[in-house]
Amino acid sequence: MVRKPRLALAAVIAVVLASAAILWRNEPVTEGPPIPSLVYLRAIGTEEGPGRLRQPVGVAVSPEAEIFVTDSGNQRIIVFDEQGTFLRAFGQEGEGPGELDRPMHLAFGPDGLLYVAEYINDRISVFRQDGTFVRHVKPKGVDAPAGVAVDAAGTIYVADFYNHRVVVLSSDGSGSVWGHAGQGGLGELHYPTDITIGPEGEVWVADAYNNRLQRFIAGKATQMITGIAVANGVAVDGDGRVWAVDFEGGKVRAFDPNGTPFVVFGEPGVGREQLRHPTDIAVTGSRVYVADFGNDRIQVWRIGP
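These remarks concern the structure in this document. Throughout, a residue's number is its position along its own chain's written sequence, starting from 1. Note on the predicted model: pLDDT of at least 70 is required for a residue's local features to be given, and 80 or more for side-chain atom pairs to be given and counted; whole-chain, interface and lining totals, by contrast, use all residues. Side-chain figures throughout are based on the complete set of non-hydrogen atoms in the structure, without hydrogens or water.

What follows is about the overall build of the protein chain. From N to C terminus, the protein chain includes one helix and 29 strands. In the protein chain, buried positions account for 59% of the 305 residues. For the protein chain, contacts bridging at least 24 residues in sequence account for 48% of all contacts bridging at least 6. Counting every atom, the protein chain has about 12,000 Å² of accessible surface; 49% of that belongs to carbon and sulfur. Secondary structure elements are taken from DSSP: a helix is a run of H or I of four residues or more, a strand is a run of E of two residues or more, and numbering for both begins at the N terminus. When accessible area is computed with a 1.4 Å probe and restricted to protein chains, residues below 20% of their type maximum are described as buried, those above 50% as exposed, and intermediate ones as partly exposed. Whether two residues are in contact is decided by their heavy atoms: any pair within 4.5 Å suffices. Only the protein chains shown count as covering a residue, and every accessible area follows the Shrake-Rupley method with a 1.4 Å probe.

Put into structure tokens, the structure is as follows:
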């Protein structure tokens, strides 16, 4: 088995060529919500001080609208308010309770707890929003968990990077596996990096090395969206629109619920509204948050006028 180096996930993912944007779907086309416009707001984590970011990988927004970021280069979680003001930080490098080693994507559960995928420690660390450590979740056989999501029933979904699969842990303690290694059709995964839950309980997986997203329902892959040059992060908004970061292309790509592309923004670079290897995206209310890994910041857009 190939072992993982002690590097951030962005350094692990190879450069691949993007294919044309194509949707494979097995469902009738339905009318989607209106196409939004986007207005740039700000960058977060760029000022010197306790909130300075280094290699941010994951971003998630709490029900109280606080912004949680995996500050992977500093082995911690940083929390900001809506305006980007530093609030607090927790975690440090290590293997013990409350310690982290290469924290990657993160997500909130229905219990309000924060779930953090630890790439090196092969586990999920669970915290209260104030940074208090709660427990570890250690799925058997998982090698480099890169992403995590929790549905309304408390079921935990883990993107098992090196095993090319999704590990599912039900609240009753039972477990199962979705997907398998491959670079072809539906259900085949090649280094999955992120995972999220849609408004109808559907599970979307960022299938990074296959340059696509896949949707799973009850363990079965039912839809894919391709044409994303290393699909490193995925989010679904309340209207069912799917948002993905294009790691190699330095862009964000969004699709309507049928998988039809409707907006692309960002471009490679280091300036305002430019992205250098984006790794994650969160969409909540009228805000879009993008983890700009290579530029050590979170960039924020507003949906609407």
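Here the rule is simple: two strands pair whenever DSSP picks up at least two bridges between them. Spatially, β7-β8-β9-β10 is the arrangement adopted by the four strands of the open sheet, whose pairing is antiparallel. Sheet topology places β7 (103-108) and β10 (133-137) at the edges, where each strand pairs with a single neighbour. Along the sheet, successive strands turn relative to each other by an average axial angle of 25°, direction set aside. Direction of pairing for strand β8 (residues 114-118) relative to strand β9 (residues 123-127): antiparallel, over a ladder of five bridges. When the bridges of β9 are listed, E118 appears paired with R123. Simply put, an axis is a line fit to the C-alpha atoms, just over the touching stretch for a helix, and the angle between two N-to-C directions goes from 0 to 180 degrees.

What follows covers the sheet that holds strand β28 (residues 287-292). The strands that make up a sheet are held in pairs by hydrogen bonds between backbone atoms, and each pair lies either parallel or antiparallel. With respect to topology, four strands assemble into an open sheet ordered β2-β29-β28-β27, the strand pairing being antiparallel. Both outer strands of the open sheet, β2 (38-44) and β27 (278-284), are each paired with one neighbouring strand and no more. Across the sheet, the mean angle separating the axes of adjacent strands is 20° when strand polarity is ignored. Here β28 runs beside strand β29 (residues 297-303); their pairing, made up of six bridges, is antiparallel. Within β29, the residue paired with R287 across the bridge is R302.

If you check the backbone angles, Q55 has positive phi at about 60° while not being a glycine. By the secondary structure assignment, Q55 is in the loop between β2 and β3 (56-61). With a relative accessible area of 23%, Q55 lands in the partly exposed category.

What follows concerns the environment of Y191. Positionally, Y191 belongs in the loop between β16 (188-189) and β17 (192-197). Through-space distance from the C-alpha of Y191 to that of D207 is 6.3 Å; in sequence the pair is 16 residues apart.

Right, let's talk about the packing of aromatic side chains for a bit. Two rings belonging to Phe, Tyr or Trp (six-membered ring only in the last case) form a pair when the distance between their centres is within 6.5 Å. Interplanar angles under 30 degrees mark stacking, angles over 60 mark edge-to-face geometry, and anything in between is tilted. Applying the stated criterion to the full structure yields 15 aromatic pairs. For the ring pair Y40 and W301, a centre distance of 5.2 Å and an interplane angle of 75° mean the geometry is edge-to-face. Taken as a pair, Y40 in strand β2 and W301 in strand β29 lie far apart in primary sequence, 261 residues in all. With centroids separated by 6.0 Å and ring planes inclined at 90°, the aromatic side chains of W243 and F262 adopt a geometry described as edge-to-face. Here F262 lies in strand β24 (residues 261-265) and W243 lies in strand β22 (residues 242-246), a separation of 19 residues in the sequence.

What follows covers the pattern of salt bridges. Counted as salt bridges are all cases of a side-chain nitrogen of Lys or Arg within 4 Å of a carboxyl oxygen of Asp or Glu. Here the structure, examined in full by the defined rule, presents 11 salt bridges. Salt-bridge contacts for D237 lead to R241; the nearest nitrogen and oxygen are separated by 2.7 Å. The exposure class assigned to D237 is buried, which follows from its relative accessible area of 6%. Given the relative accessible area of 8%, R241 is considered buried. Residues R272 and E273 are paired through a salt bridge, measuring 3.6 Å at the closest nitrogen-oxygen approach.

The subject of this paragraph is the side chain of Q129. With respect to the secondary-structure elements, Q129 resides in the loop between β9 and β10. The class of Q129 is buried, set by a relative accessible area of 16%. Between N or O atoms, a polar contact is any pair within 3.5 Å; within protein, one atom must be a potential hydrogen donor and the other a potential acceptor, and residues adjacent in sequence are included only when both atoms are from side chains. In terms of polar contacts, Q129 uses its side chain to reach the backbone carbonyl oxygen of G112, at 3.0 Å.

A separate point is the nonpolar core. In this text, buried Ala, Val, Leu, Ile, Met, Phe, Trp, Tyr and Cys residues form a nonpolar core when linked through side-chain atoms within 4.5 Å. The biggest cluster of nonpolar side chains holds 16 residues, and the ones touching the most others in it are W243, V252, I281, V288 and V290. Elements with a minimum of two residues in this core: β22, β23 (251-255), β24, β27, β28 and β29. The contact partners of V288, leaving out residues within four places of it in the chain, are L38, W243, F265, I281, A282, V283, Q299, V300, W301 and I303. One finds L53, V59, V69 and I78 within the second-largest nonpolar core, a separate group that totals 13 residues.

What follows is about the environment of A244. Structurally, the position occupied by A244 is in strand β22. For A244, a relative accessible area of 0% translates into the label buried. For the pair A244 and A231, spaced 13 residues apart in sequence, the C-alpha separation works out to 6.6 Å. Once residues lying within four places of it in the same chain are set aside, the contact partners of A244 are L213, I228, G233, K251, V252 and R253.

Scope: geometric values only; no functional claims are made or implied.
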